[in-house]
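If you want the building blocks of each chain, they are given just below.
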Amino acid sequence: MTAAPAEAEEIGMEEQMARHLVAEEGKKLQQAGLVARTWGNISCRIDENHFVITPSGLDYETMTAVDLVLMDIRNGVCCGAHKPSSEKGVHLAAYQTFPEVGYVIHTHQTYATAIGLCGFEQLAMTEEEAEKLGGIARAAYGLSSTEKLAGAVYDAMQSGAKVVFMVHHGVLICGKDREEAFSRAMLLEEICKRSILGQPKKKPRKDQKRQEKLLHVLQKHFHYVGICDTPAVLLCAASGRGIPAQVDDMAQMIGRKIPCCLHVRRDMLGLLRKYGAVLVPRVGVVVSAGTADDVEALRALVAKAAVCCLHVRATGASASLSPVNVAIQHHHYVKKYALQKDGEA
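Residues numbered from 1 in each chain as written. Predicted model: local features only at pLDDT ≥ 70, side-chain atom pairs only at ≥ 80, totals over all residues. Heavy atoms only, no water.

Peer 1: Describe the overall build of the protein chain, listing the residues and the values that go with them.
Peer 2: When helices and strands are counted, the protein chain shows twelve helices and 13 strands. Its C-alpha atoms give the protein chain a radius of gyration of 20 Å, near enough to 20 Å, the size a compact globule of 345 residues would have. By the burial criterion, 55% of the 345 residues in the protein chain qualify as buried. A distance of 16 Å separates the average location of the 40 positive side-chain charges in the protein chain from that of its 38 negative side-chain charges. (Helix = DSSP H or I, 4+ residues; strand = E, 2+ residues; numbered from the N terminus. Rg over C-alpha atoms; globule rule 2.2 N^0.38 Å. Buried < 20%, exposed > 50% of the residue type's maximum accessible area, 1.4 Å probe, protein only. Lys, Arg positive; Asp, Glu negative; His and termini not counted. Charge placed at Lys NZ, Arg CZ, Asp CG, Glu CD.)

Right under this line is the structure:
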């Protein structure tokens, strides 16, 4: 790891406090459903030239203050035992743009991610809520962790917006301190949830016996399997249509689509081996992975993917990731993240 400038050694108490705030916030964001596993990232300004950021590939439950990485706002030089988050570029963009910003959160929150796919012009919010958010913008798409994404976020922030939808990826939220950033994230999700389109008004029909029978059969062929049957997932399954990759984290773990299996006895095993997630009418989405932790991650991903898919269908927009971008991200996940187990999406 590259050493930070000499003056960083003089930070002392301010750095300790920033490290503590970020380490504790990770667990809080996870409990609120704004981040999961190692997805998303958090940073806190120490002074005009430095901030600390969550490391790449560490779970929020096990992360401690000493694991955080110190970064120089002026040149991006970092110091620490771990690599900084792969999305360090968007945090740098925030601190370089806004001297008054002291805390930055990149979330993967469900409803805001879905809204970001099609634009935020029709958000149902009051003038007071808009003022609390500190301005909203939408950044053009760039692959995760790339200079293109950081540049797009920087451009979006030039409007003065403290909340930036990152298309196909999530949201970047800035605040003067931890409390403001977190409250903005929660308020944004509340606004987006009330503004979302295409979601089921009541829970679609579910066949409990069919779920149990299918799980019993699949457990003979796969070590770890599970089912996600949220209302949005059940509605997608009932449609008989697959869910295309519209969000980066789905592309990374699953690939180009979650197919729908209409002929369970004939097609189920092959589809589940290929994709790891398969829609089944009146069941939901069946998922399979190499570990119990990965099964839970897939359940979370498909629940969000279903909300996104229904919203996009209701707007009539086209929001699927390109086959090339899906292939790049899935290959990266399979070859690096999955093999390391603790990599970062």
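Peer 1: Can you tell me about unusual backbone geometry, naming the residues and giving the values?
Peer 2: The backbone of serine 145 sits at a positive phi, close to 75°, despite the residue not being glycine. Along the chain, the position of serine 145 falls in the loop between β6 (136-139) and α5 (147-157). A positive phi angle, close to 70°, is found at histidine 168, a residue other than glycine. Checked against the element boundaries, histidine 168 lands in the loop between β7 (163-166) and β8 (170-175). Among the residues examined, histidine 168 registers a relative accessible area of 11% and is labelled buried.

Peer 1: Give a detailed account of the sheet that holds strand β9 (residues 224-228), specifying residues and quantitative values.
Peer 2: Spatially, three strands are ordered β9-β13-β12 in an open sheet, and the strand pairing comes out antiparallel. Edge strands, defined here as strands with exactly one partner in the open sheet, are β9 and β12 (277-280). This sheet shows a mean twist of 20° between the axes of neighbouring strands, independent of strand direction. Set on the sheet, helix α7 (residues 208-218) makes contact with β9, β12 and β13 (284-289); between it and β9 the angle comes to about 160°. Here helix α10 (residues 264-275) sits on the sheet and contacts β12 and β13; the angle it forms with β12, its principal contact strand, is near 150°. (Pairing = 2+ DSSP bridges. Axes fitted to C-alpha atoms, helices over the stretch in contact; angles between N-to-C directions. Contact = heavy atoms within 4.5 Å.)

Peer 1: With reference to specific residues and values, describe the pairing of β12.
Peer 2: Consecutive side chains of a regular strand alternate in pointing toward one face of the sheet and then the other. Judged by which residues are buried, β12 turns out to be covered on both faces: Ala277 and Leu279 on one side and Val278 and Val280 on the other are all buried. Here β12 pairs with β13 via four bridges, running antiparallel. What sits directly across from valine 278, in β13, is valine 286. From the end of β12 to the start of β13, which pair antiparallel, there are three residues, and arginine 282 there has a positive phi angle of about 65°.

Peer 1: Which residues make up the sheet that holds β6, and what are the values?
Peer 2: The strand order across the open sheet formed by eight strands is β4-β3-β2-β1-β5-β8-β7-β6, and the pairing between neighbours is mixed. Among the strands making up the open sheet, the edge pair consists of β4 (78-79) and β6. Where strand β5 (residues 103-107) and β8 come together, five bridges link them in antiparallel fashion. Note that in β8 the partner of histidine 106 across the bridge is leucine 172.

Peer 1: Tell me about the nonpolar core, residues and numbers included.
Peer 2: Membership of the largest hydrophobic core comes to 76 residues, with the highest contact counts inside it found for Phe165, Leu188, Ile243, Ile258 and Leu279. Residue contributions to this core peak at 13 residues, all from helix α11 (residues 292-315). Look past the residues within four positions of leucine 279 in its chain and what remains in contact with it is Val233, Cys236, Ala237, Arg241, Gly242, Ile243, Ile258, Pro259, Cys260, Cys261, Gly284 and Val285. Within the second largest apolar cluster, 25 residues are counted, among which are Tyr95, Leu149, Met157 and Leu172. (Core = buried A, V, L, I, M, F, W, Y, C linked by side-chain atoms within 4.5 Å.)

Peer 1: Run through the packing of aromatic side chains, naming residues and quoting values.
Peer 2: With the rule as written, the count across this model stands at two aromatic pairs. When the centroid spacing of 5.6 Å and the interplanar angle of 15° are considered together, the rings of phenylalanine 120 and phenylalanine 165 count as stacked. Linking phenylalanine 120 in the loop between α3 (110-118) and α4 (127-133) with phenylalanine 165 in strand β7, this pair joins segments that are 45 residues apart in sequence. When the ring centre of phenylalanine 182 is taken as origin, the NZ or CZ atom of lysine 28, which lies over that ring, is 4.1 Å away. Lying over the aromatic face of phenylalanine 98, lysine 162 brings its terminal NZ or CZ to 4.3 Å of the ring centre. (Phe/Tyr/Trp six-rings, centres within 6.5 Å; stacked < 30°, edge-to-face > 60°. Lys NZ or Arg CZ within 6 Å of the ring centre and 35° of its normal.)

Peer 1: Could you give me a rundown of the pairing of β5, with the residues and numbers involved?
Peer 2: Within β5, five of the five residues are buried, which leaves it mostly tucked inside the rest of the structure. Covered by surrounding structure in β5 are Tyr103, Ile105 and Thr107 together with Val104 and His106, the residues of both alternating faces. Sheet topology places strand β1 (residues 41-47) next to β5; four bridges connect them, and they run antiparallel. Each bridged residue has a counterpart across the sheet, and for serine 43 the counterpart in β5 is valine 104.

Peer 1: Lay out the packing of α3 against helix α6 (residues 178-195) in plain terms, naming residues and giving numbers.
Peer 2: Contact geometry for α3 and α6: axes closest at 8 Å, N-to-C directions at 60°. One element, α3, and the other, α6, form an angle in the oblique class. Crossing of α3 over α6 shows left-handed handedness. Residues Thr110, Tyr111, Ala112 and Ile115 of α3 form the contact with α6, whose own contacting residues are Leu188, Glu189, Cys192, Lys193 and Ser195. Across the contact of α3 with α6, the residue classes tally to five nonpolar, two polar and two charged. (Parallel < 35°, antiparallel > 145°, perpendicular 65-115°, else oblique. Left-handed = near helix turned anticlockwise from the far one by under 90°. Nonpolar A, V, L, I, M, F, W, Y, C, P; charged D, E, K, R; others polar.)

Peer 1: Could you give me a rundown of α7, with the residues and numbers involved?
Peer 2: Along α7, the residues classified as buried are Gln211, Leu214 and Leu218. Seen along its axis, α7 keeps its buried residues to an arc of 75°; they face one direction. For α7, the exposed residues lying more than 90 degrees away from the buried face are Lys209 and Lys213. Residues of α7 that are buried sit in contact with β9, α10, β12 and β13. Taking the backbone nitrogen of lysine 209 as reference, a side-chain oxygen 3.2 Å away marks aspartate 207 as the first, capping residue of α7. (Arc of directions from axis to C-beta. Polar contact = N/O pair within 3.5 Å; in protein donor to acceptor, adjacent residues only side chain to side chain.)

Remember, this is a structural readout, not a statement about activity or role.
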